[in-house]
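Listed here are the chains, written in short residue letters.
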Amino acid sequence: MTEFKRILEGDCSTMVVAEHLSQIGLFLWRKGIELLPFDQQNREAFDSLRQLWDFNALHGCFKDIWERGAKTGEILLYVKPLKDGLFKIRYYDATQFDYEQDDEGLTEVEIKGRDGKKLKLTRKAIGGSSHGFDRVPAVVIQNRPT
């Protein structure tokens, strides 16, 4: 009964929760993930998406993203621009970021690092440096029933 009480209190570290997430993850990822572009004719967009997928080795991150999102309710995907036109995708669970948004989407995101430092993303800048995207280079994925 103590396991059940811990679960009701929001404790996701019990074996019951871990086994449940493992079984759901097995069901979700058993055959992998396939990328299908909306526009089959836009080869350039598909190639860019494939490069982003491969460069970031996203196939190896989904179990962790799934479990952290299921436990905390939200995941932030931050698309960090690198030199040479490449992008690094970073992800954070709900305990690691705060955000504000308006009708047009995210206005500001604050990522809390493990070292206590914070990184602020806005529509104009990343950590105080201009980025030129005209939007926050991140998306919040919510795991909440609506």
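Above this note sits the structure.
What you are looking at is a predicted structure, and each value in this text was computed from that prediction instead of being measured.

A.B. asks: Honestly, helix α3 (residues 43-55) in this entry has me stumped. Any pointers?
C.D. replies: Owing to its 3.6 residues per turn, the α-helix aligns residues three or four sequence positions apart on the same side. End to end, α3 covers 18 Å across 13 residues, agreeing with the expected 18 Å (1.5 Å per residue, within 8%). Note on α3: the residue one or two positions beyond its end, Ala57, has a positive phi of about 45°.

A.B. asks: Help me understand the packing of aromatic side chains in this model?
C.D. replies: Where two aromatic rings form a pair, the distance of their centres and the angle of their planes describe that pair. Inspection of the entire model under this criterion finds three aromatic pairs. On the numbers, 5.5 Å between centres and 35° between planes, the contact of Trp53 with Phe62 is tilted. Residue classification places Trp53 among the buried residues on the basis of a relative accessible area of 11%. Ring plane angle 45° and centroid distance 6.3 Å describe the contact between Phe87 and Phe133, whose orientation is recorded as tilted. Here the residue Phe87 occupies a position in strand β2 (residues 87-93), and Phe133 occupies one in the loop between β7 (129-130) and β8 (138-142), the gap between them amounting to 46 residues. On the basis of relative accessible area, Phe133 is assigned to the partly exposed category, the value being 33%.

Thresholds, definitions, all that
Residues numbered from 1 in each chain as written. Predicted model: local features only at pLDDT ≥ 70, side-chain atom pairs only at ≥ 80, totals over all residues. Heavy atoms only, no water. Helix = DSSP H or I, 4+ residues; strand = E, 2+ residues; numbered from the N terminus. Expected span 1.5 Å × (residues − 1). Phe/Tyr/Trp six-rings, centres within 6.5 Å; stacked < 30°, edge-to-face > 60°. Buried < 20%, exposed > 50% of the residue type's maximum accessible area, 1.4 Å probe, protein only.

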